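Given next are the chains, with one letter for each unit.
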Amino acid sequence: MRFAGKVAVITGAANGIGKATALQLATEGARIALCDLKADQLGGVADQARALGAQVMALPVDVSNQADVANAVAKVVGEFGRLDILVHCAGIMSSKQILDCDMAEWNRVIGVNLTGTYNVCQPVVKQMVAQGGGRIVMTSSAAAKSPHSNAGIAYAASKAGMLSFVRQLSYQFGRNGLTVNAVCPGTVATEMPYRHFEAGQLEARLAESVAGRMARPEEIAELMLHLVSDAGSYITGEAVNITGGTFID
Ligand code: NAD
């Protein structure tokens, strides 16, 4: 039970990578707070986590809304008494390149992916500093480091911005006992790529990779768990690729 006694907040927990990570944390003993915009889907994930023996809170949250997030974090600390781990997966994709990306699209993507990261990290870091430590991991993307045709301009910029958060927070709060890292997945078999790749594009992208397949969300979850576990305590400020060789730097 790597996470017995730990309290974890997971954003984007209703689906995909966030859901897989939440269930893995539940399996390994953590008390978990599931946060997602899709309130109707949180209940099913909460039921699955309770069936694994976990204590669970399910909190409908829009990460682009600062007050929403601050209230959720306050509720978690009120209920569980502490907050040890943040797994920040809430995010949206856009494939629009600059000539098609109007201001509304830019603001939508930056608002969720980048301002959302600010909104989530601020109250979480404050709590972790007060406690004397904590672990943060977030889902950036290989698109933060290397362009590809399906990653739009706002998406790539937002994911690159998250890496600056990681570096800045890890540097600023390392002496307060925080570690802060990002994972940079290639293509993961969640609903997200199917919403944004046209027929044939996904196969072409995977054909370029060494693995020749998409990642399973559980594989991304396993890496994130390592980064927030005791075994990962010497890793901070990193942006760890997990792309099956689609992107290598
Ligand atoms: P997903 O669409 O399956 O899940 C994302 C979750 O985030 C959804 O449950 C959604 O409701 C939630 N969400 C969206 N906007 C929100 C908001 N404003 N407030 C709260 N919750 C919100 O996607 P996924 O594949 O699990 O992606 C998780 C993260 O990993 C994202 O940040 C994504 O950019 C990143 N990522 C995914 C891939 C991939 O191929 N799937 C690759 C690289 C990076």
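For the structure itself, consult the block above.
All values reported here derive from a predicted model rather than from experimental measurement. (Residues numbered from 1 in each chain as written. Predicted model: local features only at pLDDT ≥ 70, side-chain atom pairs only at ≥ 80, totals over all residues.)

Draft legend 1. Spatial organisation of the packing of helix α5 (residues 115–131) against helix α6 (residues 153–173). Interaxial distance between α5 and α6 falls to 12 Å at its minimum, and their mutual angle equals 15°. The orientation of α5 with respect to α6, classified from their angle, is roughly parallel. Between α5 and α6 the crossing geometry is right-handed. Here T117, C121, V125 and V129 of α5 lie close against α6, whose contacting residues are M162, F165, L169 and F173. (Axes fitted to C-alpha atoms, helices over the stretch in contact; angles between N-to-C directions. Helix = DSSP H or I, 4+ residues; strand = E, 2+ residues; numbered from the N terminus. Parallel < 35°, antiparallel > 145°, perpendicular 65-115°, else oblique. Left-handed = near helix turned anticlockwise from the far one by under 90°. Contact = placed C-beta atoms within 7 Å.)

Draft legend 2. The environment of A189, seen in detail. When you line up the elements, A189 lands in the loop between β6 (178–185) and α7 (191–196). For the pair formed by A189 and G174, sequence separation is 15 residues and the distance between their alpha carbons is 33 Å. Once residues within four sequence positions are removed from consideration, A189 is found in contact with M214, A215, R216 and P217.

Draft legend 3. Spotlight on the pairing of strand β1 (residues 7–11). Buried residues dominate β1, accounting for five of its five residues. Burial along β1 is two-sided: the face carrying V7, V9 and T11 and the face carrying A8 and I10 are both buried. Examined bridge by bridge, β1 and strand β2 (residues 31–36) share five bridges and lie parallel to one another. Bridge assignment links V7 to a residue of β2, and that residue is R31. After leaving β1, the chain enters helix α1 (residues 16–27) and then returns to the sheet as β2, a path that is right-handed. In this sheet, strand β4 (residues 85–88) lies alongside β1 in parallel orientation, the contact comprising four bridges. (Buried ≥ 20, exposed ≤ 12 C-beta atoms within 10 Å, placed from the backbone. Pairing = 2+ DSSP bridges. Right-handed = clockwise from strand over helix to strand, strands pointing away.)

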